[in-house]
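# Observations on the three-dimensional arrangement
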Amino acid sequence: MLKDTFNRNLKDLRISVTDRCNFRCTYCMPAEIFGESYEFLPKEEILSFEEITKLATIFVELGVEKIRITGGEPLMRSNLEQLVLLLNRVHGIQDLTLTTNGYLLEQQAEALKKSGLGRITISLDTLDDELFKTMNGRGFDTKRVLAGIQAAQRSGLSPIKINAVVQKNVNENTIVDLAKHFKGTGIIVRFIEYMDVGNLNAWRLNEVVPASDIFDKINSELPLEPLSQNYAGEVASRYKYRDGSGEIGIISSVSQPFCGACTRARLSTDGRLYTCLFGETGLNLRDPMRDGATSEQLKALITTCWEKRDDKYSEDRTVNSAGQSSNKKIEMYQIGG
Ligand code: SAM
Ligand code: SF4
Ligand code: SF4
């Protein structure tokens, strides 16, 4: 088992399969920056499915058990189900999942399931159509996302989780409706504190709704009680409805960081390894691989990188430093959350 300088194992890998997205969420890819003329990565810079699978296999040999496909918007990558098929054949992956905005899911859910995707997370910040149109920056209402969620249910992807980023004075007053909508359906909504990922979303600490406030808002209308963790290092605090009609999660990345249990590595669309969501530089694995490095040589590169890892950005973030970093952090859409 690989260990970093704080004794954290390497157990999870998030793979960003594209830097493109059909949404322009204000907190991730603001439309005023990612306009028509924005230049995304050219095809030759993007890892092929075979390259992703080769690297994933090495990561699994080094201890990774869980793989999440993400982006940008992963369902915009053509023939994504073929990658799922390839990853599904990698011996040792115990959990293969994907995070999507759901817009293209209705057409793809079944093929993804048939190719071996186990479960899925769909992002949906609010059910209020007018607000959703603003938040996704593209004027799309919730209809297609909700249809995507239904298609995921029909195809047997399970459990289905919904990610909702909560922003002060934006969607905080709609989170109870979101909880109510999915209560009793078996779908787990996870409310996420708005994070200062990257440098483009003009994040401010006072835009964060702390986990305790999210809990209070929901608990006051839909009484909750805590649940134990599913596994060590689970990032969401789990709560079940007292009436037994399901559970929710709250992810307190800002108010109660969980760096001490962070076992995640992230592979960017162009094949760089990031050991923290707030990383500034990534280890280029693509070029050595394309230059003919053997699996053993790539394994050695990853091992050295993980053994040197000392990231704990969220624990070091202070009220004073929050949002003030002048360092160029990786953007969320490049490594996928
Ligand atoms: N496009 C896909 C989606 O939206 O589900 C996958 C990539 S997206 C970057 C992954 C997750 O990161 C989404 O659930 C999104 O809401 C979340 N996210 C993006 N920016 C965030 C931020 N600043 N703070 C918290 N979560 C964020
Ligand atoms: Fe796209 Fe996901 Fe970022 Fe929204 S959060 S802009 S859907 S990558
Ligand atoms: Fe992991 Fe970095 Fe997030 Fe801490 S800040 S939990 S080390 S990704």
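Described below are features of the structure shown in this document.

Rules used in this analysis
- Residues numbered from 1 in each chain as written.
- Chains lettered and ligands numbered in written order.
- Predicted model: local features only at pLDDT ≥ 70, side-chain atom pairs only at ≥ 80, totals over all residues.
- Heavy atoms only, no water.
- Phe/Tyr/Trp six-rings, centres within 6.5 Å; stacked < 30°, edge-to-face > 60°.
- Helix = DSSP H or I, 4+ residues; strand = E, 2+ residues; numbered from the N terminus.
- Buried < 20%, exposed > 50% of the residue type's maximum accessible area, 1.4 Å probe, protein only.
- Lys NZ or Arg CZ within 6 Å of the ring centre and 35° of its normal.
- Near = heavy atom within 4 Å.
- Polar contact = N/O pair within 3.5 Å; in protein donor to acceptor, adjacent residues only side chain to side chain.
- Areas by Shrake-Rupley, 256 points an atom, 1.4 Å probe, with all protein chains shown as cover.
- Nonpolar A, V, L, I, M, F, W, Y, C, P; charged D, E, K, R; others polar.
- Pairing = 2+ DSSP bridges.
- Disulfide = S-S within 2.5 Å.
- Arc of directions from axis to C-beta.
- Contact = heavy atoms within 4.5 Å.
- Salt bridge = Lys/Arg side-chain N within 4 Å of Asp/Glu carboxyl O.

## So, the packing of aromatic side chains
- As enumerated under the stated definition, the model contains 11 aromatic pairs in all.
- The interplanar angle of 45 degrees and the centroid separation of 5.6 Å between the aromatic rings of F23 and F140 together place this pair among those described as tilted. Taken together, the positions of F23 in the loop between β1 (12-16) and α1 (49-61) and F140 in the loop between α4 (129-135) and α5 (143-155) put the pair 117 residues apart, joining distant regions of the chain. The exposure classification of F23 matches that of F140, with both residues buried.
- One aromatic cluster is present, built from ring pairs that chain together F23, Y103, F132 and F140.
- In this arrangement the basic side chain of R144 is found over the ring face of Y103, its NZ or CZ atom lying 4.0 Å from the centre.
- Over the aromatic face of F278 sits the side chain of R317, whose NZ or CZ is 5.4 Å from the ring centroid.

## Describing the site of ligand 1
- Residues in close proximity to ligand 1 total 18 residues, the closest being G72, T100, S123, N163 and M195.
- In the model, an oxygen atom of ligand 1 is placed 3.2 Å from a nitrogen or oxygen of the T100 main chain.
- A distance of 3.1 Å separates an oxygen atom of ligand 1 from a polar atom in the side chain of N163.
- Isolated, ligand 1 exposes 540 Å² of accessible area, and the fraction of that covered by the protein chains is 95%.
- Looking at the shell around ligand 1, the elements with two or more residues in it are β3 (95-100) and β5 (160-166).
- Taken together, the residues of the shell around ligand 1 sort by class into 6 nonpolar, 10 polar and 2 charged.

## Details of the sheet that holds strand β4 (residues 120-123)
- Spatially, the 12 strands line up as an open sheet ordered β7-β8-β9-β6-β5-β4-β3-β2-β1-β10-β11-β12, and their pairing is mixed. The open sheet has two edge strands, β7 (224-226) and β12 (283-284), and neither has a second partner.
- Bridging between β1 and strand β10 (residues 264-267) involves 4 bridges; their strand directions are parallel. Across the sheet, residue D12 finds its bridge partner in β10, namely R264.

## A few points about the site of ligand 3
- Lining the immediate surroundings of ligand 3 are F258, C259, C262, R266, C276, L277, F278, R309, D311, Y313 and S314.
- Taken together, the residues of the shell around ligand 3 sort by class into 7 nonpolar, 1 polar and 3 charged.

## Comments concerning the state of the cysteines
- For the structure shown, the criterion picks out 0 disulfides.
- Between C305, a free cysteine, and C276, which holds the nearest cysteine sulfur, the sulfur-to-sulfur gap is 12 Å.

## Side note on helix α7 (residues 211-221)
- For α7, the set of buried residues is A211, I214, F215 and I218. Projected onto a plane normal to the axis of α7, the buried residues spread over an arc of 100 degrees and lie on a single side.
- In this fold, the buried residues of α7 make contact with β5, α6 (175-182), β6 (188-193), β7, β8 (237-241) and β9 (247-251).

## Re the pattern of salt bridges
- Using the criterion set out here, one finds 20 salt bridges in the structure.
- For R317, the salt bridge goes to D196, with nearest N and O atoms at 2.7 Å. With R317 in the loop between α10 (313-316) and α11 (332-335) and D196 in the loop between β6 and α7, this pair connects stretches of sequence that are 121 residues apart.
- Of the residues examined, R317 reaches a relative accessible area of 11% and is grouped as buried.
- Residue D196 is classed as buried on the basis of its relative accessible area, which comes to 1%.

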